[in-house]
Amino acid sequence: MTPSPHQTDLSPERAVAAISRWLAVESPTDSAEGVNRMMDLVAGEAADLGLTAERVPGRDGFGDNLILRAGPRNGEPGLLVLSHLDTVHPIGTLANDLPVRVEGDRLYGPGVYDMKGGAWLALQAFAAAAHGGLARRPLTFLFSSDEETGSVSTRGLIEDLGRTSAAVLVTEPGRDGGKVVTGRKGVGRFDVHVEGRPSHAGTRHADGRNAIREAARLILEIEGLTDYARGVTTTVGTILGGTAENVVPQHCRFAVDLRVVTAADGQDYAGRILGLSASPDFRVTVTGGMNRPPYDAEAGAALYAHAKALARDELGLDLGEVPLTGGGSDGNFTAALGIPTLDGLGIDGDGAHTLQEYGLISSIAPRLRLMQRLLETL
């Protein structure tokens, strides 16, 4: 395959310094201000790279989004790169628990692995492909603001951009030593509200109907739906109930996470959760549904084969795949539309969503190069 004439400066020192600037801007999803500071930073860097950016105002309390466009305007379906600039780490993590630092080949910092490292390297690759003259299709890059909480405000934007694309490249982190992701479980999110009857815990205990006790019964029922053989998991992750120690609780609320392999199981298990029934003298209300559809590996099989050949022939790498992972991404949306989607193209490392999160510095250059060549050859 013909190498690109446009090469980027891939020195580890430059990459570490540049990504560290991104890590220094804390951008948890629930901080629109922090996310918008990241969008400002990326827009400025894109301008320095000769790229123009369209700012899409955020809604529903989330931060803004950024769209870059480049490449030939030849009427062909384009290539779409998806990155998110929000993280799970609250403001203060940088100063207290996860400072930016280098230890050997590891760059630590909030969101470096999930996914600022991958977003940064993809921006450099996008600019190189934009200016190299080899891109065959229009190029679009979306930086989104709310992926970590389910992309509620950006799903429509992602799907609209996806529908005009021949392929989608997602910069979620590499897995298990740099493997790309070719399939993901679908994700469902539900909120359950149980209402009982309050009473004095000492003098009128028998008159009460304890919402927490009824919630506990329902939680055991929900957790019992987990079926590892089918790849179905149900998790009650948060619970809130009661008003005071001496009051039989009237209210209890809890959140449910559902993961499934197939769309049919998503419909089946979502129906079971939405159809939860209360015991006499209680009322249960369930809201929610499937948040991300399953991402079938078949949707991107040819795309993965192309990436694997590029990695082998030009980089001397054996690009492995993870055909199914439990975590969702924005790639779920485009894959479900039947658009070839390849995920896990970001930085390699480990520790997503933990205080030991790191990216491998040595993975930046080859993964940047792979992204650039995908944008030039697809």
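A brief structural summary.

Cut-offs and rules
Numbers given to residues run from 1 along each chain, matching the order in which its sequence is written. Where local features are concerned, this predicted model is filtered to residues with pLDDT of at least 70; where side-chain atom pairs are given and counted, the filter is 80 or more; whole-chain, interface and lining totals use all residues. Each side-chain value is derived from all of the structure's non-hydrogen atoms; neither hydrogens nor water enter the calculation. The term salt bridge refers to a pairing of a side-chain nitrogen on Lys or Arg with a carboxyl oxygen on Asp or Glu at a separation within 4 Å. Think of it in three bands: with a 1.4 Å probe and only protein chains considered, a residue is buried below 20% of the maximum accessible area for its type, exposed above 50%, and partly exposed in between. Secondary structure elements follow DSSP: runs of H or I of four or more residues count as helices, runs of E of two or more count as strands, with numbering from the N terminus. In this analysis, strands are considered paired if DSSP registers two or more bridges between them. Working rule for helices: expected span equals 1.5 Å times residues minus one. Here, residues are in contact when the closest pair of their heavy atoms is within 4.5 Å. Positive residues here are Lys and Arg, negative ones are Asp and Glu, while His and the chain termini are left out of the count. Two N or O atoms count as a polar contact when they lie within 3.5 Å, although within protein this holds only if one can serve as hydrogen donor and the other as acceptor, and sequence-adjacent residues are included solely when both atoms are side-chain atoms. Under the pairing criterion, centres of Phe, Tyr and Trp rings, with the six-membered ring standing for Trp, must be within 6.5 Å; the plane angle then separates stacked pairs below 30 degrees from edge-to-face pairs above 60, leaving the rest tilted. Counting as a charge over the ring demands two things of the Lys NZ or Arg CZ atom: a distance within 6 Å of the ring centre and an angle within 35 degrees of the ring normal.

## Some points on the pattern of salt bridges
Following the criterion strictly, the structure yields 26 salt bridges and no others. Across the salt bridge formed by Arg101 and Glu103, the nearest N and O atoms sit 2.8 Å from each other. Judged by relative accessible area, which is 29%, Arg101 ranks as partly exposed. Residue Glu221 is joined to Arg217 by a salt bridge in which the shortest nitrogen-to-oxygen separation is 3.6 Å. Of the two residues, Glu221 and Arg217 are both situated in helix 6 (residues 211-223); the distance of four residues between them amounts to about one turn of the helix. You can call Glu221 partly exposed: its relative accessible area is 38%. Assessed through its relative accessible area of 34%, Arg217 is described here as partly exposed.

## Regarding the sheet that holds strand 7 (residues 165-170)
Ordered in space as 1-2-6-3-7-16, the six strands form an open sheet in which the pairing is mixed. The strands lining the two open edges of the sheet, one partner per strand, are strand 1 (53-56) and strand 16 (341-342). In this structure, strand 2 (residues 65-70) lies alongside strand 6 (residues 139-144), joined through five bridges in antiparallel fashion. When the sheet's bridge partners are listed, Ala70 is paired in strand 6 with Leu139.

## Quick look at helix 10 (residues 364-377)
The terminal C-alpha atoms of helix 10, which comprises 14 residues, lie 20 Å apart, in line with the 20 Å expected from a rise of 1.5 Å per residue. Burial within helix 10 is extensive, with 12 of its 14 residues counted as buried. Among the residues making up helix 10, those that are buried are Ile364, Arg367, Leu368, Arg369, Leu370, Met371, Gln372, Arg373, Leu374, Leu375, Glu376 and Thr377.

## Here we look at unusual backbone geometry
Omega for the peptide link from Asp114 to Met115 comes to 0°, which places this bond in the cis form. Within the element layout of this structure, Met115 appears in helix 4 (residues 112-132). For Asp176, which is not glycine, the phi torsion reads 50° and is therefore positive. In this structure, His353 takes a positive phi of about 70° despite not being glycine. Inspection of the secondary structure puts His353 in the loop between strand 17 (349-350) and strand 18 (358-360).

## A short note on the environment of Thr29
Tracing the sequence through the fold places Thr29 in the loop between helix 1 (12-23) and helix 2 (32-48). Sequence spacing of Thr29 and Gly61 is 32 residues, and the spatial spacing of their C-alpha atoms is 9.7 Å.

## Some thoughts on the environment of Gly349
Tracing the chain through its elements places Gly349 in strand 17. Residue Gly349 is classed as buried on the basis of its relative accessible area, which comes to 14%. The spacing of Gly349 and Ile361 is 12 residues in sequence and 8.7 Å in space, taken between C-alpha atoms. Setting aside chain neighbours within four positions, we find Gly349 in contact with Tyr113, Tyr358, Gly359 and Leu360.

## Things to note about the side chain of Asp146
By the element assignment, Asp146 lies in the loop between strand 6 and helix 5 (155-163). Of the buried charged residues, Asp146 lacks a salt bridge, with Arg292 as the closest side chain of opposite charge at 6.8 Å. A polar contact of 2.7 Å, which involves the side chain of Asp146, links it to the side chain of Ser153. Not counting chain neighbours up to four residues away, the residues in contact with Asp146 comprise Thr29, Phe62, Asp86, Ser151, Val152, Ser153 and Thr154.

## Digging into the packing of aromatic side chains
What the rule picks out here adds up to three aromatic pairs. A ring pair is formed by Tyr108 and Tyr358, whose centres lie 5.6 Å apart and whose planes are at 50°; its orientation type is tilted. Note that Tyr108 is positioned in strand 5 (residues 106-108) and Tyr358 in strand 18, a separation of 250 residues in sequence. With respect to burial, Tyr108 and Tyr358 carry one shared label: buried. Plain terms: the ring middles of Phe141 and Phe143 are 4.1 Å apart, the flat faces sit at 10° to each other, and that makes the pair stacked. The class of Phe141 is buried, set by a relative accessible area of 0%. In this structure Phe143 comes out as buried when scored by relative accessible area, which is 0%. A network of ring pairs unites the aromatic residues Phe126, Phe141 and Phe143 as a single cluster. Positioned above the aromatic ring of Tyr358, the side-chain terminus of Arg106 is 4.0 Å from the ring centre. The ring centre of Tyr269 lies 4.3 Å from the NZ or CZ of Arg272, which sits over that ring.

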